[in-house]
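Residues per chain, in single letters:
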Amino acid sequence: MRTMSKPKGAAALPLNTILNGDCVAIMDSLPEASVDLIFADPPYNLQLRGDLHRPDNSRVDAVDDHWDQFDTFATYDRFTTDWLRAARRVLKPNGAIWVIGSYHNIFRVGASLQNEGFWILNDVVWRKSNPMPNFRGKRLTNAHETMIWASKSEGAKYTFNYEALKALNEGIQMRSDWVLPICNGGERLKDANGDKAHPTQKPEALLHRVLIGATNPGDVVLDPFFGTGTTGAVAKMLGRDFIGIEREHAYIEVAEKRIANVRRLDKTALEVSRSKRAEPRVPFGQLVERGMLRPGETLVSMNGKAAKVRADGTLAVDGLNGSIHQVGAALENAPSCNGWTYWCFKRDGKTVPIDVLRQQIRSEMDDARPV
């Protein structure tokens, strides 16, 4: 992993690199339509006024850094518009963006997302299982943050690993409210003085869920507010490439050490559950082309119906011909039929579903995919 200053006229993506500088200028220098996903944790513009203390009068280590200070809402809105516009330029047509924020900024960010042409897919509430209490006792405990997931434009395609998220949730469809703890304990990074290395470090569990659900191995994930590198650490572990942008040298030093200690998972561990719809399409004719089934060979159904395989990958029976699905539906007098599970072939006296051959080809396609 390398740290670079702002690239000038970069022609290639600086993968697995932390770029030091202003996020808008750096994104403007990257190739257009070149990244698959953006995860953005921008300044929240907390508008803190003075120190915050606990009931025992100890000072709360809150966000009071210069990078979170904006003179007016208008200034913050211009900042938001600028970085979102740059982000949209580098997103691929089928890319997506996740932005996280609190009540201080997320509604303004959401409006800017829509103004810049993004199409909101979901808002996801991260409900913190161990939130910091409201020490002043004048408001409700701020127990959640909100993430907005958006595609590049209305009608654009995007990655959604529905089955993988369902598997993470014990076989139940993943909801838009996620209960996860804040970053603490051994995961919380410290500086040389033993203080928090970053005031708003996000838990790796949060990024794990986002990247499993919205990217695939080998995808490029850009984080324009890289901080101490949670996005990069999780991306590396999950076999994704990352590009981080960060202007604070202290955060970069922490991120570099952190990511250097991350081990990338092997190919088997990176496999996730996929829906049948997401699996590679295999035409029935490919089985015939490859000699896995021969023209003139008879296919049979479980209830004894039979049809002949033709050279063009269609079936024929009693003057009827068509695809494996069409012929199956006609024989059963049904509106539709899944020919892959309806038809079987005979080998060594055994009846075998033709779907076994399709899965064999899919396995070969998976083995050929880069990771």
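The model shown is predicted, which means the values in this text are computed figures rather than measured ones.

Scanning the protein from N- to C-terminus turns up 12 helices and 15 strands. Looking at the 371 residues of the protein, the share that counts as buried comes to 44%. Contacts in the protein between residues at least 24 apart in sequence constitute 66% of all its contacts with a sequence separation of at least 6.

With their axes 9 Å apart at the nearest point, helix α5 (residues 204-214) and helix α6 (residues 230-237) run at an angle of 55 degrees to one another. With respect to their mutual orientation, α5 and α6 come out oblique. As for the relative orientation of α5 and α6, their crossing is right-handed in sense. Residues E204, L207, H208 and L211 of α5 lie in contact with α6, whose contacting residues are T230, T231, A233, V234, A235 and M237. Across the contact of α5 with α6, the residue classes break down as 6 nonpolar, 3 polar and 1 charged.

Here 6 strands make up an open sheet; going across it, the order is β13-β12-β11-β10-β14-β15 and the pairing antiparallel. Since the sheet does not close on itself, it has two edges, and those belong to β13 (320-322) and β15 (350-353), each with one partner. Averaged over all pairs of adjacent strands, the angle between strand axes in this sheet comes to 35 degrees, irrespective of strand direction. Pairing of strand β14 (residues 343-347) with β15 involves 4 bridges; the strand directions are antiparallel. Counterpart to K346 in the pairing with β15 is T351.

Below, the discussion takes up unusual backbone geometry. Backbone geometry places A33, a non-glycine residue, at a positive phi of 50 degrees. Here A33 is to be found in the loop between α1 (23-29) and β3 (35-40). With a phi close to 50 degrees, N333 is a non-glycine residue in the positive phi region. Within the secondary structure layout, N333 lies in the loop between α10 (324-332) and α11 (339-342). When its relative accessible area of 75% is taken as the criterion, N333 is described as exposed.

Bringing the confidence of the model for the protein into the picture now. Here the protein averages 87 in pLDDT, and 88% of its residues register 70 or above. Every residue in residues 48-55 is under pLDDT 50, and counting partners more than four places away or in other chains gives 17 contacts. Confidence drops under pLDDT 50 across residues 57-63; counting only partners more than four residues distant or on other chains, this segment forms 19 contacts.

In the sheet, strand β10 (residues 298-301) pairs with β14 via 2 bridges, with the strands oriented antiparallel. Residue pairing across strands places S301 opposite W343, the latter belonging to β14. In sequence, β14 turns back onto β15 through a hairpin of 2 residues, with D348 there showing a positive phi of about 50 degrees.

The next subject is the nonpolar core. Counting residues in each nonpolar core, the largest one holds 35 residues, and the members touching the most others are L37, W98, M147, W178, L206, V210 and L211. When residues of this core are assigned to their parent elements, the largest contribution, 6 residues, is made by α5. Contact partners of L37, with chain neighbours within four places excluded, come to L91, A96, I97, W98, V210, L211, A214, T215, V220, V221 and L222. V35, I97, I243 and I245 belong to the second largest nonpolar core, which has 30 residues in total.

Here we come to the packing of aromatic side chains. Under the criterion given, the structure shown has 11 aromatic pairs. The interplanar angle of 15 degrees and the centroid separation of 5.3 Å between the aromatic rings of W98 and W149 together place this pair among those described as stacked. Linking W98 in strand β4 (residues 91-101) with W149 in strand β6 (residues 144-151), this pair joins segments that are 51 residues apart in sequence. By the burial criterion, W98 is buried, and W149 matches it. In textbook terms, an aromatic cluster arises when at least three aromatic residues are bridged by ring pairs, as seen for W98, W149, Y158, F160, Y162 and W178. Taking the ring centre of F118 as reference, the NZ or CZ of R88 above it sits at 5.9 Å. A cation over an aromatic ring shows up here: K128 above the ring of W126, its NZ or CZ 5.2 Å from the ring centre.

At a closest axis distance of 10 Å, the pairing of helix α2 (residues 73-90) and helix α3 (residues 106-115) adopts a crossing angle of 45 degrees. The pairing of α2 with α3 is recorded here as oblique in orientation. In terms of crossing hand, the pair formed by α2 and α3 is right-handed. Only R108, V109, S112 and L113 of α3 make contact with α2, whose side of the interface consists of F73, Y76, D77, T80, T81 and L84. Among the residues forming the contact of α2 with α3, the class breakdown is 5 nonpolar, 3 polar and 2 charged.

Calculation criteria
Residues numbered from 1 in each chain as written. Predicted model: local features only at pLDDT ≥ 70, side-chain atom pairs only at ≥ 80, totals over all residues. Heavy atoms only, no water. Helix = DSSP H or I, 4+ residues; strand = E, 2+ residues; numbered from the N terminus. Buried < 20%, exposed > 50% of the residue type's maximum accessible area, 1.4 Å probe, protein only. Contact = heavy atoms within 4.5 Å. Axes fitted to C-alpha atoms, helices over the stretch in contact; angles between N-to-C directions. Parallel < 35°, antiparallel > 145°, perpendicular 65-115°, else oblique. Left-handed = near helix turned anticlockwise from the far one by under 90°. Nonpolar A, V, L, I, M, F, W, Y, C, P; charged D, E, K, R; others polar. Pairing = 2+ DSSP bridges. pLDDT = per-residue confidence, 0-100. Core = buried A, V, L, I, M, F, W, Y, C linked by side-chain atoms within 4.5 Å. Phe/Tyr/Trp six-rings, centres within 6.5 Å; stacked < 30°, edge-to-face > 60°. Lys NZ or Arg CZ within 6 Å of the ring centre and 35° of its normal.

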